[in-house]
2 protein chains.
Amino acid sequence: MTVERGITVKKSEDFSEWYTQIIMKAELADYAGIKGFIVFKPYSYEIWENIQKFLDGKLKASGHKNAYFPALIPESYLKKEAEHFSGFVPEVFWVTRTGNNEIGEPLAMRPTSETIVCDSYAKWIKSWRDLPILINLWNSVFRAEIKATKPFLRTSEFLWQEGHTAHATPEEAEKEVHDILEFYRQLVEEQLAIPVLLGAKTEAEKFVGAVYTLAMEAMMPDGKALQMGTSHFLGQNFSKPFEIKYLGKDEKDHYVWQTSWGVTTRMIGAVVMVHGDDKGLVLPPRIAPIQTVVVPIYYKNEDREKVLAKAKETVKILSAASISAYLDDRTEYTPGWKFNEWEMKGIPTRIEIGPRDVAADQVIMSRRDTGQKSAVKIGDLLKETLRTLESIQVSLYENAKKQLESSIRPAKSYEEFKQILETKGGFVRACWCGRSQCEAKIKEETGATIRTVPFRKEEIFSGCITCGQKATDVVYFARAY
Amino acid sequence: MTVERGITVKKSEDFSEWYTQIIMKAELADYAGIKGFIVFKPYSYEIWENIQKFLDGKLKASGHKNAYFPALIPESYLKKEAEHFSGFVPEVFWVTRTGNNEIGEPLAMRPTSETIVCDSYAKWIKSWRDLPILINLWNSVFRAEIKATKPFLRTSEFLWQEGHTAHATPEEAEKEVHDILEFYRQLVEEQLAIPVLLGAKTEAEKFVGAVYTLAMEAMMPDGKALQMGTSHFLGQNFSKPFEIKYLGKDEKDHYVWQTSWGVTTRMIGAVVMVHGDDKGLVLPPRIAPIQTVVVPIYYKNEDREKVLAKAKETVKILSAASISAYLDDRTEYTPGWKFNEWEMKGIPTRIEIGPRDVAADQVIMSRRDTGQKSAVKIGDLLKETLRTLESIQVSLYENAKKQLESSIRPAKSYEEFKQILETKGGFVRACWCGRSQCEAKIKEETGATIRTVPFRKEEIFSGCITCGQKATDVVYFARAY
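It should be emphasised that the depicted structure is a prediction, and the values quoted were computed from it without experimental measurement.

Asker: With reference to specific residues and values, describe the relation of the copies chain B and chain A.
Answerer: The two copies are related by a screw motion: chain B maps onto chain A through a turn of 180° and a shift of 0.0 Å along the axis, at an RMSD of 0.0 Å. What the superposition gives is, in effect, a two-fold axis relating one chain to the other. Proximity to the rotation axis, assessed at the C-alpha, singles out V95(B) in chain B; its C-alpha lies 2.1 Å from the axis.

Asker: Outline the side chain of R97(A), supporting the account with residue identities and numerical values.
Answerer: Residues and elements named next belong to chain A. Secondary-structure assignment places R97 in strand β5 (residues 93-98). Although R97 is buried, it forms no salt bridge, and the closest oppositely charged side chain is E102 at an N-O distance of 4.3 Å. Engagement of the side chain of R97 in a polar contact is seen with the backbone oxygen of G99, the distance being 3.3 Å.

Asker: A description of the domain arrangement of chain A should follow, citing residues and the corresponding values.
Answerer: Residue and element names in this part refer to chain A. The assigned domain composition of chain A is domain 1 (15-275), domain 2 (290-387) and domain 3 (408-478). Look at where the C-alpha atoms of domain 1 and domain 2 centre, and you get two points 40 Å apart. Contact with domain 1, which involves four residues of that partner, is made by four residues of domain 2. Linking domain 1 to domain 2 there are one salt bridge. Ionic pairing is found between K345 and E27, a salt bridge with its closest N-O pair at 3.3 Å. Inspection of the region where domain 1 meets domain 2 yields two residue pairs in polar contact (both at pLDDT 80 or more).

Asker: Account for the nonpolar core, naming residues and giving values.
Answerer: L28(A), M228(A) and M228(B) are the most contacted members of the largest nonpolar core, which has 213 residues in total. Once residues lying within four places of it in the same chain are set aside, the contact partners of M228(B) are V188(B), I194(B), V196(B), M216(B), A218(B), V263(B), M267(B) and A270(B).

Asker: Could you give an account of the pattern of salt bridges, naming the residues involved and the relevant values?
Answerer: Residue and element names in this part refer to chain A. Under the criterion given, the structure shown has 71 salt bridges over all chains. The shortest N-O distance in the salt bridge between R185 and E189 comes to 2.7 Å. Of the two residues, R185 and E189 both sit in helix α6 (residues 170-191), four residues apart, roughly one turn of that helix. Residue R185 shares its accessibility class with E189, and that shared class is buried. Each member of the salt-bridge network shares a partner with another, and the members are K279, E343, R350, E352 and K373.

About the criteria used
Residues numbered from 1 in each chain as written. Chains lettered and ligands numbered in written order. Predicted model: local features only at pLDDT ≥ 70, side-chain atom pairs only at ≥ 80, totals over all residues. Heavy atoms only, no water. Least-squares fit on C-alpha atoms with pLDDT ≥ 70 in both. Helix = DSSP H or I, 4+ residues; strand = E, 2+ residues; numbered from the N terminus. Buried < 20%, exposed > 50% of the residue type's maximum accessible area, 1.4 Å probe, protein only. Lys, Arg positive; Asp, Glu negative; His and termini not counted. Salt bridge = Lys/Arg side-chain N within 4 Å of Asp/Glu carboxyl O. Polar contact = N/O pair within 3.5 Å; in protein donor to acceptor, adjacent residues only side chain to side chain. Domains from an automatic or database assignment. Contact = heavy atoms within 4.5 Å. Core = buried A, V, L, I, M, F, W, Y, C linked by side-chain atoms within 4.5 Å.

And the structure:
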């Protein structure tokens with residue numbers, strides 16, 4: 001059995017198949033033997049570690065601490081917040097047995113941890129001195145998926161972080177909700193090079209149990225939106241049923257104000273879709289596990305030593321400046337094979353060194369995004385590598401930004417709205433009267449939902465796209481993953 | 001309701017209660033609402049992060065990569081290695097339902113991941129070029145505990161790392177098993193300041209499914225041993241039922257040789273037990289989330305500004321040298337209250353600064369382990385802090401080493417053996433004939449097991465402690481957690 005190593009379809013022709021092939025051939029993930037589950041192979045896990053490092057740093061610097069809560073939640077906890085329970089229960093994995101013994105009360109594998117966190121917060125919070133509590137969890141969550149599995153985008157278990165905070169005042173909690181969204185924006189735009197629309201979710205689309213939800217939305221090349229992260233203001237919706245109260249400076253009991261927020265490994269799927277090309281993955285330098293791969297090239301044995309020496313020197317120069325450089329000196333593969341492999345894996349820059357380069361005291365550097373090649377003198381190596389990596393990071397973002405902007409199309413009539421969705425996809429910018437029934441009608445008839453209500457009100461340019469009555473907001477509709 | 005903030009029992013008088021009080025009052029962990037489960041509060045999780053950082057660095061530097069495998073394992077996978085299955089199945093949490101639908105084949109919450117990892121390795125490994133595979137997982141595992149929960153030592157879910165490697169030859173795999181044990185030894189002895197006995201497990205005590213198991217054993221102050229980490233040579237016990245084969249350079253198919261190994265959050269429990277005292281936790285500086293706490297002391301408002309300025313300067317000097325220093329400038333607590341809190345939390349060094357210290361350009365430094373206090377000139381602050389932290393690290397290890405050594409007692413007769421166990425506990429060094437029935441008899445009659453068979457054979461000094469016949473090994477018995 002021989003497997004075609006390259007991608008056998010074009011991104012523009014069969015997007016779904018192209019995506020799956022990249023996931024497999026760049027060795028990001030594999031299907032597990034259980035329906036709906038995937039294995040995060042080392043390459044995607046390294047990307048996740050880089051994402052973690054950035055976000056964990058931001059969270060710690062702003063006073064958040066990590067902790068760990070049990071993966072199992074008693075059914076009775078989930079039921080305490082009624083909307084929350086009804087929202088999650090259809091997709092819960094239930095533990096009903098240990099060894100050969102039935103368990104009295106079924107235990108849910110956490111779909112999210114608000115309820116079990118609240119159970120502890122009720123014990124831990126006594127006085128205003130205990131507030132705020134700013135806790136973050138890095139873990140995995142479980143949601144039985146009925147639809148087809150799509151690695152990173154839709155699986156029954158995925159990795160994420162979930163933040164859970166409790167505050168003395170609503171103002172402080174709402175500030176947290178916005179501060180976190182800003183961290184998320186920095187992560188997605190500045191590290192992953194993916195531009196997003198920021199805004200609020202509608203009542204229909206918010207987190208079950210929240211007062212309101214803020215979110216980032218990105219646009220994928222197939223015209224479908226992808227939610228990249230959410231930050232929820234929970235108000236007192238959980239503190240009341242869970243009795244999370246503190247004794248204020250006024251010597252009176254008050255319920256706390258809460259937030260919760262999360263980003264997941266689906267961001268890795270977005271990186272694949274937004275930046276990848278017909279040769280494979282293209283990684284933004286800031287999250288690439290390897291930023292530069294160095295490939296020594298020699299055909300005569302007499303060249304081996306000097307070429308390898310120069311390759312090692314190159315890696316040393318780059319590593320000393322904290323560039324993640326990898327020497328691919330495997331002898332069982334040809335240079336051509338290696339080029340294909342590292343292009344598939346989306347390494348931002350490749351450095352080739354042959355005998356003639358050694359003689360000329362130079363290397364050949366090529367960038368993954370444009371394929372551009374140039375000779376670089378060893379004396380300029382570090383400066384030129386740093387410049388190129390930064391240039392790739394900026395260029396990936398700029399290109400994605402153009403794509404996002406060109407994917408937004410205004411619609412003044414329902415006919416126009418439907419036509420845009422059918423022919424082009426993307427975001428449809430439209431006016432809305434604010435009523436849930438108009439939103440529901442569009443969802444039912446077109447599959448599109450309101451992805452975001454922008455923070456800054458935009459100028460109304462028509463009646464409600466559905467009912468034609470007076471509109472209150474300009475909103476962004478799309479079909480979504 | 002007022003809670004006594006200090007520990008109300010002595011370590012030497014009621015060890016078990018002392019342990020539980022430290023866990024709760026130093027805010028390391030809390031019981032969750034589900035039997036057998038705990039919450040890892042931020043303080044213990046920070047210790048775990050420091051442990052992870054050290055070990056993860058060692059593993060990555062030696063070519064290991066992290067990955068993530070599903071938390072659920074089909075029953076049929078577990079059954080493929082018969083001993084493994086029968087060993088784990090009594091304590092498995094079974095998922096039997098999603099939403100309201102029964103699942104065809106029950107899914108086990110991973111008690112350990114050998115089987116699901118092997119299922120993937122069978123797909124991933126084709127040629128000798130694919131070997132070795134060196135993968136590590138940071139996750140949590142689930143084992144329904146019937147005995148009473150003891151935070152960190154015995155809970156139904158705990159955090160750990162599990163390494164899973166596959167090699168072309170048994171020699172390479174066996175080298176890995178030993179290399180990993182050495183990393184573990186460095187972690188436990190050099191970071192946690194806990195000395196260990198190294199050696200092999202007997203057939204009865206090895207990992208179910210392994211060819212053999214190497215382990216580290218530590219001694220707790222109550223005379224019970226604690227297994228601190230294990231490294232298993234799996235041979236081809238899993239590669240054969242899972243059909244993990246590679247095409248060798250000889251163009252023939254071969255089964256791979258495997259290892260697996262792990263350390264868990266139980267190490268945090270060992271740190272508490274070995275180093276803690278009647279005032280609370282005592283943390284080795286290398287894993288302490290805060291190494292130095294700075295407490296400004298002023299009673300007159302006019303002193304406030306200058307004392308705080310000096311305290312901030314102190315933190316700045318230490319932080320610049322990567323010492324984890326924390327300024328406790330909370331105004332809602334008195335200095336005395338703060339002293340007690342940080343002593344309870346085991347912070348290695350405390351720095352006090354009052355108006356007179358500002359005037360004298362000095363600080364008062366006290367060390368947690370001995371309580372010793374000394375005035376330190378600001379000019380000597382960094383040097384003296386580094387020296388003190390190193391001295392505490394060494395001293396904790398030296399004290400624990402003396403305790404370990406004094407806990408080892410030889411026994412020449414079964415009577416003597418039983419008497420040592422009953423009156424003193426600790427390790428009993430005894431000769432053994434190598435037969436499982438002698439080992440089983442001792443376990444049944446005394447509760448003691450063979451904790452370790454030393455790598456280097458020690459000189460036989462009696463007949464088998466049980467049957468009196470010719471002994472083959474000097475081994476270390478103990479009752480254990």
